[in-house]
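# Chain and residue survey
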Amino acid sequence: MNAGLLGIEELDRAEIEAILARAKEFQPLQSQQVKKLDTLRGKMIVNLFYEASTRTRTSFEIAAKRLSADAVSITASGSSVTKGESLVDTLNTLAAMRPDAIVMRHSASGAPHFLSRHLPTPIINAGDGTHEHPTQALLDARTILDRRATLEGLRVAIIGDIAHSRVARSNVHLLSKFGAEIVLCGPASLLPVELEQLAPGVHLTTDITEAIRDCDVIMMLRVQLERQHEAAFPASEYFRFYGLRLEHLDLAKPECIVMHPGPINRGRELSSEVADFQRSVILNQVENGIAVRMAVLEKVIG
Amino acid sequence: MSTLIKNGRVIDPASGTDHVADVLVAGGQIAQVGTGIAAPQGAEIFDATGLVVAPGFIDMHVHLREPGFEHAETIESGSRAAAAGGFTSVCCMPNTKPVNDSATVTSYIVERARRLAVVNVFPIGAITKGSAGEELAAIGNMKAAGAVAISDDGMPVMNARVMRRAMEFARSYDLPVIQHCEDLNLSAGGDMHEGVKSVRWGLRGIPAASEDVMVARDLLLAELTGARYHVAHISTRRSVAMVGEARSKAITVTCEATPHHFTLADENMEPYDSNYKMKPPLRSGCDRGAVVDGIAAGTVTAIATDHAPHAGSEKMQEFERCPFGIIGLETALALALEELVQPGRISLARMIELFTTGPESVMRLGRGRLAPGAPGDVTVFSTDLEWAYDVNLSFSRSRNSPFDGRKFRGGPVATMVNGEFVWRR
């Protein structure tokens, strides 16, 4: 096993705490005039994105550049993938160019885990199918901890298409390791009962008001129409039953924050008013993405 | 040419034999079974002291990939893997390219096997043309050309009316109907058993209900038509229960289990390792236990490997893109000994039944016994030989096995087909 970052599930609490602490040290850099450090000078990072991504790819690129690493980004549509090359052959070719790490997003769950068995290069998982998105959970934790002293005992509601969400899985693993109470909420067809066994402290409900009641954090998930292989719920009534509106926030704790991994669909999973709500921290999440990914890159190849 | 297999523990479930004896094979047939048989002049002597001598094993469910997928397996290479696993007869599924849905393809397989195979090869014909599930294949013609059963394995017949007609035809031709039980709508897109592991790994699930729904439907149709109906590779608790109940009501139903389904459950999978990807998928521990119980109780009447070779390049992909299936001919006997006999779930004689009279009662090949006049098919194996499976030494052209490197106690030692040893350890 190389020293990449494949998922949150395999990390222990101390490793997560170390990344979050280091990310906190990187935060002030974002508002300085000169935002660059020398840490990874001479290192090379390949960003290999087999799925569309704006924020994650840009965030990794910026994080690499802030640490003075060289970053090359490849998207599947412009590569040999379209010429029928297999994933393992593509990765072997890239590995032969001796990058220090490969940041990879892929639509197939487990693609980075499969590759890590055959490649010497560390792989950082930037989202694999419906499995994990570890840096998202880390930046979410960083964002919560910017406002709360601890994750322990927090009640966190994750609402939406849980079944197809890698963000939900990574967050469940992370929050559970720190003793948070996690309520997963969505239509029953997107909320398999086995989720309750994903990690300690997980509860399921199909009722959004029950999910939100007394919670400290609300994480809304994007409705992933591209992962709906069938009509698992009637899209026309989704917002009515699972869309987050201002009146819902009265049920939560007064200081409750609203999070979303983006990109947001106003009027589909949350109302426009909620998106612009003062305790919505969606843009803070984006900002923290860079500090957290700097900490991850430094840990993996520093 | 004759061979005297001396001093082995001869177990022949068909005749109830289980004692140390000699087996004389002459002219390609079993000539005599008894103690102190004198070797005829020029006979080869095989000393089977300390070994078990059984009727040649029958695997009623393999994929030999020829014609069409010779890069993964051929009739010749598959037959050599069979011989190395102690099998003397295999029945090959029709999902070749072209599909074995006509007498032409059936004859091709029979002819290729006659020239190149080291074990007996019996083709299974398709139920429907192209296994597309719509129009019935030329079942009578295929039978005349050598087909011993019909199945659309891997492409289950979804249309109940077509299945009913197929059962009616099969009954009139006295052929068994073998179904890969999977409701394709319920299983669509699935890559592994639907359960805690699939949810954890973000892989789409194949629910146990997708098998159960099909078994339930087909049992009703078997009762309606009186066909001889056989459930391939049974894998769920409820399906085992339904087949058991149907058998108690004298419906002519049988079922087989694979070594991987009685050995492994989804919790034994290596994450995203396609050597654990097959259909039906490795089920829950509870389902696996029910399959073992079904074997012990007599509901499951055959062990079949569902030997499914795939080239390395096909299995070296993202899990969701990899094809389903694993090879199994060379590890079946050892797994049956370790998982069923050694823990005391079944007797050695019962295990041999599952490899001989069990499949024979469905396929009616005229084999699976050691009586004088029967074909000279003999499997000699050890119950305590220690060995390790190295998939890179497999006779198969493919390497897709989750049992690579596993150490075994007990395994095949020699395989005789029609009076000739075709493999020896």
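Residues numbered from 1 in each chain as written. Chains lettered and ligands numbered in written order. Predicted model: local features only at pLDDT ≥ 70, side-chain atom pairs only at ≥ 80, totals over all residues.

## With respect to the overall build of chain B
Heads up, the rule is: Helix numbering and strand numbering both begin at the N terminus, where a helix is a DSSP run of H or I of at least 4 residues and a strand a DSSP run of E of at least 2. Values of the radius of gyration come from C-alpha atoms, whereas the globule rule sets the reference at 2.2 Å times the count of residues to the power 0.38. Buried residues are those with 20 or more other C-beta atoms within 10 Å of their own C-beta, exposed residues have 12 or fewer, and partly exposed residues lie in between; C-beta atoms are placed from the backbone. Once C-beta atoms are placed from the backbone, any two residues with those atoms within 7 Å are in contact.
Looking only at helices and strands, chain B has 14 helices and 18 strands in total. In summary, chain B has a C-alpha radius of gyration of 20 Å against a globular reference of 22 Å for 425 residues, a match within 12%. The C-alpha extent of chain B, read off along each of the three principal axes, is 65 × 45 × 45 Å. By the burial criterion, 61% of the 425 residues in chain B qualify as buried. Taking the contacts inside chain B whose residues are at least 6 apart along the sequence as the reference set, 76% of them involve residues at least 24 apart.

## Digging into the environment of A:I102
Residue and element names in this part refer to chain A. One can find I102 in strand β3 (residues 101-106). I102 gets classed as buried once you count the C-beta atoms within 10 Å, which come to 25. Remark: the alpha-carbon pair of I102 and L91, spanning eleven residues in sequence, is separated by 8.8 Å. The residues contacting I102, other than those within four sequence positions of it, are V46, L48, L94, T121 and I123.

## Comments concerning the packing of helix α5 (residues 134-145) of chain A against helix α10 (residues 282-301) of chain A
Residues and elements named next belong to chain A. The criterion, for reference: Orientation is described by lines fitted to C-alpha atoms, with helices fitted over the stretch in contact, and by angles between N-to-C directions that extend from 0 to 180 degrees. Handedness of a helix crossing follows the sense of rotation of the near helix relative to the far helix, less than a right angle counterclockwise being left-handed and clockwise being right-handed. Following the grouping adopted for this structure description, the nonpolar residues are Ala, Val, Leu, Ile, Met, Phe, Trp, Tyr, Cys and Pro, the charged ones are Asp, Glu, Lys and Arg, and the polar ones are all others, Gly among them.
Remark: α5 packs on α10, axes separated minimally by 8 Å, with the N-to-C direction vectors making an angle of 115°. Two packed elements cross with a definite hand, and for α5 against α10 that hand is right-handed. Note on element contacts: α10 touches α5 through N284, Q285, N288, G289, A291, V292, R293 and V296, opposite T135, L138, L139, D140, R142 and T143. Tallied by class, the residues present in the contact of α5 with α10 amount to five nonpolar, six polar and three charged.

## Some remarks on the domain arrangement of chain B
Residue and element names in this part refer to chain B. The condition that has to hold: By convention here, the domain bounds are inherited from an automatic or database domain assignment.
What the domain assignment reports for chain B is domain 1 (2-52 + 375-424) and domain 2 (56-363). Counting residues at the interface gives 30 residues for domain 1 and 40 residues for domain 2. Looking at side-chain class alone, the side of domain 1 that touches domain 2 contains 15 nonpolar, ten polar and five charged residues.

## Comments concerning unusual backbone geometry
For the peptide bond that leads from A:G262 to A:P263, omega is -5°, which places it in the cis range. Note that A:P263 resides in the loop between β9 (257-259) and α9 (272-275). Cis peptide bonds are those with omega within 30 degrees of zero, and the linkage from B:K97 to B:P98 qualifies with 0°. Structurally, B:P98 is set in the loop between β7 (87-92) and α2 (103-116). At A:S68, a residue that is not glycine, the phi angle is positive and equals roughly 70°.

## Brief notes about the interface of chain A and chain B
Tallying the contact residues gives 20 residues for chain A and 17 residues for chain B. Going through the elements one at a time, α3 (87-96), α4 (111-116) and α6 (166-177) of chain A are the ones with two or more residues in the side of chain A that touches chain B. At three residues, the largest contribution of residues to the side of chain A that touches chain B is made by α4(A). Residue composition of the side of chain A that touches chain B, by class: eight nonpolar, nine polar and three charged.

## Some points on the sheet that holds strand β15 (residues 302-303) of chain B
Residues and elements named next belong to chain B. Selection criterion: Any two strands with at least two DSSP bridges between them are considered paired.
Spatially, five strands are ordered β9-β10-β13-β14-β15 in an open sheet, and the strand pairing comes out parallel. This sheet does not close on itself; its edge strands, each paired only once, are β9 (150-151) and β15. The sheet contact formed by β9 and strand β10 (residues 177-179) spans two bridges and is parallel. The partner of S151 across the bridge, within β10, is I178.

## Focus on the nonpolar core
Stated formally: We define the nonpolar core as any set of buried residues of the types Ala, Val, Leu, Ile, Met, Phe, Trp, Tyr and Cys, connected via C-beta atoms lying within 7 Å of each other.
Grouped together as the largest cluster of nonpolar side chains are 119 residues, with contacts concentrated most on B:V23, B:V53, B:C91 and B:I150. Examining the composition of this core, we find that seven residues originate from one element, helix α12 (residues 332-341) of chain B, more than from any other. Counting contributing residues, this core receives three or more from each of domain 1 (2-52 + 375-424) and domain 2 (56-363) of chain B. Apart from the residues within four sequence positions on either side, B:I150 is in contact with B:I124, B:G125, B:A126, B:I127, B:I139, B:A166, B:A170, B:L175 and B:V177. In terms of nonpolar packing, the next biggest core, distinct from the first, is built from 96 residues, A:L6, A:A63, A:I218 and A:V296 among them.

## Concerning the confidence of the model for chain B
For any part of a model where pLDDT is low, the fine detail of the predicted coordinates should not be relied upon. In plain terms, the rule: Confidence of the predictor at the level of single residues is given by pLDDT, which spans 0 to 100.
Looking at chain B as a whole, its pLDDT mean stands at 97, while 100% of the residues score no less than 70. Confidence estimates for the predicted assembly give a pTM of 0.95 and an ipTM of 0.94.

## Description of the domain arrangement of chain A
By convention, interface size is frequently given as the accessible area that disappears when the constituent parts associate. All names here are of chain A. When the domains of chain A are assigned, the result is domain 1 (13-132 + 286-301) and domain 2 (148-280). The gap between the C-alpha centroids of domain 1 and domain 2 is 26 Å. Taken together, the contacts link ten residues of domain 1 with ten residues of domain 2. Put simply, the parts of the chain that give the side of domain 1 that touches domain 2 at least two residues each are α1 (13-26) and β4 (123-128). Residues that form the side of domain 1 that touches domain 2 fall into these classes: two nonpolar, four polar and four charged.

## Observations concerning the pairing of strand β1 (residues 2-12) of chain B
All names here are of chain B. As paired strands, β1 and strand β2 (residues 17-26) are joined by nine bridges and run antiparallel to one another. Across the sheet, residue L4 finds its bridge partner in β2, namely L24. The loop that links β1 with its antiparallel partner β2 comprises four residues; one of these, G16, has a positive phi angle of about 75°. For β1 and strand β4 (residues 44-47), the ladder comprises four bridges, and the chain directions are parallel. Looking at β4, one finds that L4 is bridged to I45. Two strands pair when backbone bridges link them, and β1 and strand β5 (residues 52-55) are joined in this way by two bridges, in the parallel orientation.

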